[in-house]
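Given next are the chains, with one letter for each unit.
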Amino acid sequence: MTKKNEQLFQQKKMSVEAALGLVQSNDYLVTALGGGEPVELLHQLHTIKDNGVRNCEMSSTLPMANYEFIKNPEYSDTIFVGCWFFSAGIRAAHPAGNVSHVPKHLHSALYKRLFAMADRRKVLFCSCSPMDKHGYLSMGMGCTYERDLVDHGAIVIAEVNPNVPRTLGDTRIHISEIDALVETDRPMPALPDVPLNDKDKRIGEYIAEQIEDGSTIQLGIGAIPNAVAESLKVKNHLGIHTEMFTDGMADLIECGAVDHSQKTLYKGQAIATFVLGSKRLYDFVDDNPGVLFKTGSWTNNPSVVGQNHKMVSINTSIEVDLMGQCSSESIGLRQYSGTGGQVDTAIGAQMCPEGKSFIALYSTAEVKDTEGNTKTVSCIAPTLKPGSAVTLSRNDVDYVVTEYGVAWLRGQSIRERVKRLIAIAHPDFRDQLKFEAEKNRIW
């Protein structure tokens, strides 16, 4: 480690309070995605109000903790939060009115709006691995938009933590690019290990049957994509080009199903833009040249995704109507998650001549009525719930999969889509769906 870099590190090291003191009124704040958040800094971020700071706007994506500035409306005049992808804490805070959803495709992120705001300072809050002998740190959990912000001159306030995996690619950041750093030693946030149920396993098997050896895969978040990964272990020569790198993907590499030998882009390496999962997963990606992290503006660009050999996209949805419209982020008017990269990868996969895009969901869900009683509803519906966001349009849907089978919709008429979707709906709801289709002339 050179003396100059070590001096820079020591000069920029400070307390949480001092680092937050760099924030000014009217700043545009951006926090790293998901597990890349600097938790210690964000737990104290609300205290900038005591410094007289007002009218800041924050862009956040999948926050991992229920921070005071998010859940307490008292701080809305200091920090108003626009969130691309809701987590449980954001869903709980949303009714109070100091949080709003930002509809956005992951590949376009906040770039055009952000870089047009010449009148506002940009401040990035991120987590980094310790500095190496060359003066470089790693924003190890991802670079979906973080590297782009650094490149466009954002003020960088970093939490340096030895538990952050040192990943390779666009996660790289030099000490000279950081304005303030705080040292911590907290464990990295991990996703719970949720056992797969019979529905997950059946859906995973249905999708795996449609995936050929040599395909390049993208998996979304949740039990169903995990089940798909489990079912893909018998495949050969798979490759990975994904937004989120998961435990299931590490398993596929370790068992030999993935070797990246037939990939078009970056043969021999998995491509991702962020990682989220278990500590074992973070150990796997740490200093691993077989996993390369690239910015979301490139990784999720549909024209890039479509260049991959036999590209396959697997995502989940909340509700699908009989025309094939997919609502994957809201339940009626209630925002539940976000668009994320679903549209990016679904359209990108279909731009590949041999590509396939899968939308998976359970055939039914348990919901509470207005009196608090639990009832079972069909997730294949005549129409989406009033106010539901259409995440993937009927023009862009390919395969829809439930535990009752696979419906291929691309290029099919509405009449044929109705037949195929009813065939994979829960048997208890098929007659009602047929009745509603006829009644409303969905054909």
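That block above? That's the structure.
Residues numbered from 1 in each chain as written. Predicted model: local features only at pLDDT ≥ 70, side-chain atom pairs only at ≥ 80, totals over all residues. Heavy atoms only, no water.

Alternating positions in strand β1 (residues 28-31) separate into two faces, Tyr-28 and Val-30 on one and Leu-29 and Thr-31 on the other, with burial throughout. As defined by bridge partners, β1 adjoins strand β2 (residues 56-60) across three bridges and the pair is classed as parallel. Across the sheet, the residue bridging to Val-30 is Ser-59, located in β2. Relative to strand β5 (residues 122-128), β1 is paired through four bridges, and the arrangement is parallel. By the bridge assignment, Thr-31 is partnered in β5 with Phe-125. (Buried < 20%, exposed > 50% of the residue type's maximum accessible area, 1.4 Å probe, protein only. Helix = DSSP H or I, 4+ residues; strand = E, 2+ residues; numbered from the N terminus. Pairing = 2+ DSSP bridges.)

Okay, the sheet that holds strand β18 (residues 319-321) next. With mixed pairing, the three strands of this open sheet are ordered in space as β19-β18-β25. Looking along the sheet, the strands with just one partner apiece sit at the ends: β19 (326-327) and β25 (380-381). Pairing of β18 with β25, which is carried by two bridges, proceeds in the parallel orientation. Looking at the pairing, Asp-321 lines up with Ala-381 of β25.

In this model, Asn-26 sits at a positive phi of 75 degrees, which is unusual for a non-glycine residue. Counting through the fold element by element, Asn-26 comes out in the loop between α2 (16-20) and β1. Note on Asn-26: relative accessible area 36%, which makes it partly exposed.

What follows deals with the side chain of Arg-417. Turning to its location among the elements, Arg-417 is positioned in helix α15 (residues 414-423). No salt bridge is formed by the buried Arg-417, whose closest oppositely charged neighbour, Asp-321, lies at an N-O distance of 7.3 Å. Only 3.1 Å separates the side chain of Arg-417 from the backbone oxygen of Gln-412, close enough to count as a polar contact. Setting aside chain neighbours within four positions, we find Arg-417 in contact with Leu-322, Met-323, Gly-324, Arg-394, Val-397, Leu-409, Arg-410, Gly-411 and Gln-412. (Lys, Arg positive; Asp, Glu negative; His and termini not counted. Salt bridge = Lys/Arg side-chain N within 4 Å of Asp/Glu carboxyl O. Polar contact = N/O pair within 3.5 Å; in protein donor to acceptor, adjacent residues only side chain to side chain. Contact = heavy atoms within 4.5 Å.)

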